[in-house]
Amino acid sequence: MPDQSHVAGETIGQRLKRLRLDRHMSQRELAAPGVSYAYISRIEAGTRQPSVKALRRLAAKLGVSADYLETGSDLDAGSARELRLADLELAVRLGEWDDVEGPLNDVLADALSVGDQPLALRARVALASIALERGEFTSAVSLLEAAVHGEPFAPIERVEIYGNLGRALAASGQPERAVELFESCLDGVASAGGDASIEARYATLLSYALSDMGELGRAEEVVRSALERVGETADPYMRVRLYWSIARLAHAKGRESAALQNVRKAIALLQATDDTFHLARAHILAAEITLAREDVEAAENHVEQAERLLASGAMGEDLLELTQHRSRIALLHGDATAAVTYAREGLELGRAAQPADEGRATFTLADALSLAGDVAAAKDSYERAVELLEGAGHWHMASSACRMWGRLLREQGEEQRAMDVLDRAAELGTRVTPEGTRAAH
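Residues numbered from 1 in each chain as written. Predicted model: local features only at pLDDT ≥ 70, side-chain atom pairs only at ≥ 80, totals over all residues. Heavy atoms only, no water.

1. Here we look at helix α4 (residues 52-62)
- Of the residues making up α4, those classed as buried are Ala54, Leu55, Arg56, Arg57, Leu58, Ala59 and Leu62.
- Once α4 finishes, Gly63 follows within two positions and takes phi at roughly 75°, a positive value. (Buried < 20%, exposed > 50% of the residue type's maximum accessible area, 1.4 Å probe, protein only. Helix = DSSP H or I, 4+ residues; strand = E, 2+ residues; numbered from the N terminus.)

As C-alpha cells, then:
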C-alpha cells in the first residue's frame, strides 16, 4: 500500500517524484512509450498536467493505481487491487493494450495469492480479450477455461465469457466443443425460464460453430427456431443478429437470393437504430452476396456505403473483407492491375487472420492473377486456396475455387489435370447434403 505520510497537500508532480524516488528509479527508468523522461520532468516540476494515458502508464510502472497517482486517495489492499484492475479493464476495452498485459498478469498473480477468485476471474477475462484480438486462440481458451473452472454454470450472467470461450474454441480448431458449450448454454437459459435476447445471442454463436463443422442445414434450423421464438421483439439488435446469421448461412450454401433478402432486413433494422458500425458490417456482407450474383453496381454501392460509415476506420476482418471486395469489383470491371493490387493487400491481411480468411484471400488473388495472364502464379494460388478452404471446412468455396482452377487448366490444354481438379470440385460440392448434414465419407 502506498505510504500516506506525505499525501496531505501533495501535488501530482510531488507525488510522482516521491513514488519514483521511493522505488529508486530515475526519470529515464520510469519513462514509457509516449511518456518521455522530459515529460516526466515537467510533470514533477508542476509545469505539465499528465494525460489520462500517461497517468495509467506511470502508475503501472510504479505499482499503484492511476487514481492514487492522480488524487493520493487511500484504499485498503483489496479495494486498491480492484481499482487497479478496473483501470486496466477500461484500457483493454478502449484497445489500449500497450503496457497492459504485464500489469494484468501482476494483478492476476496478486489476486491468486490472496485467494480473491472473483478478481482473478476478471483478470483472466481481460487477458483473454487481448489474446482473442491478437488471434492467440489457444491462449484465450486456456485463460477462459481457468476463469470459469470451479464456478457455477451461469449462461445468463456470463454471456460474454461463454461467448468468447466458444469463439476461441471454434477458432482454435475445436468447433465440436464450441457447439457443445453453446447447446449447454441454450439449455441453461431455457431451464432458467428463458430470455429471448440471450437465446438469440447463443443461437447466433451456435450457428457459426455449426457452420465451421459444415452443418449448414442444422445451423440454419437453430437460427430460424430462435427467430420464431423472438417474434416481434422490441429489441432490433436481436433480430439483426438472426437475420444476419440466416443471410450468412444462405450465402454459404449458394442461395444468394435468400441471403440478400435477409441481409436487407438486417440493414433496414440497423438504419432505424443509427448503429453505423454494425450497419457498415451489414453492407460488407451485402457486398459479398451481390458479388456472388455478379451485380457489380450493387456491390460497389454497398462497399462505398460501408467505407463511408466506417469513415476510414476499418480494421481487422472488416478491412480484409473490403479489400477483397474491391479486388472482386475490379475483376468484374476487367481491371487486372487493380484486382491484383487489392488481392495482394487482402492476402497480407488474411495471413494474419484464420486459415479460412487466408484461403478466401488466396482465391481472390488467384482469380486476379488469372485475369492478369500470370498463369503459373494463378495455378499455384488456386491450389493453395483449395487446400486452405478445404482444411477449414469451407467446402462450398473450396469447390468454387476448384472449378475456376479446372477451367484455367483446361484453357491451358492440361485436360487430364483439369478433369482431376473438376472431379475434386464435384466431390467437395457433395460433402454437405441438401439437408445440410455431413455426407458419409
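Picking up where we left off.
2. Points about the nonpolar core
- Val100, Leu104, Phe182, Tyr202, Leu206, Val263 and Ile289 are the most contacted members of the largest nonpolar core, which totals 88 residues.
- Per element, the largest residue contribution to this core is eleven residues, and it comes from helix α8 (residues 117-134).
- Beyond its immediate stretch of four places on either side in the chain, Val100 contacts Leu88, Ala91, Val92 and Ile130.
- Counting 31 residues, the second-largest nonpolar core is a separate cluster that includes Ala330, Ala361, Val421 and Leu428. (Core = buried A, V, L, I, M, F, W, Y, C linked by side-chain atoms within 4.5 Å. Contact = heavy atoms within 4.5 Å.)

3. Here we look at the environment of Tyr243
- With respect to the helices and strands, the residue Tyr243 is situated in helix α14 (residues 236-252).
- Using a relative accessible area of 10% as the deciding quantity, one classes Tyr243 as buried.
- Ignoring anything within four residues of it in the chain, the contact list for Tyr243 reads Leu227, Asn262, Lys265, Ala266 and Leu269.

4. Considering the packing of helix α22 (residues 395-411) against helix α23 (residues 415-429)
- At a minimum axis distance of 8 Å, the contact between α22 and α23 shows a crossing angle of 165°. Here α22 is positioned roughly antiparallel relative to α23, judged by the angle of their axes. Classified by chirality, the crossing of α23 by α22 is left-handed. Mapping the contact onto sequence places Trp395, Ala398, Ser399, Cys402, Arg403, Trp405, Gly406, Leu409 and Arg410 in α22 and Glu415, Arg417, Ala418, Met419, Val421, Leu422, Arg424, Ala425, Leu428 and Gly429 in α23.
- Partitioning the contact of α22 with α23 into residue classes produces eleven nonpolar, three polar and five charged. (Axes fitted to C-alpha atoms, helices over the stretch in contact; angles between N-to-C directions. Parallel < 35°, antiparallel > 145°, perpendicular 65-115°, else oblique. Left-handed = near helix turned anticlockwise from the far one by under 90°. Nonpolar A, V, L, I, M, F, W, Y, C, P; charged D, E, K, R; others polar.)

Shape is all these values report; function is a separate question.
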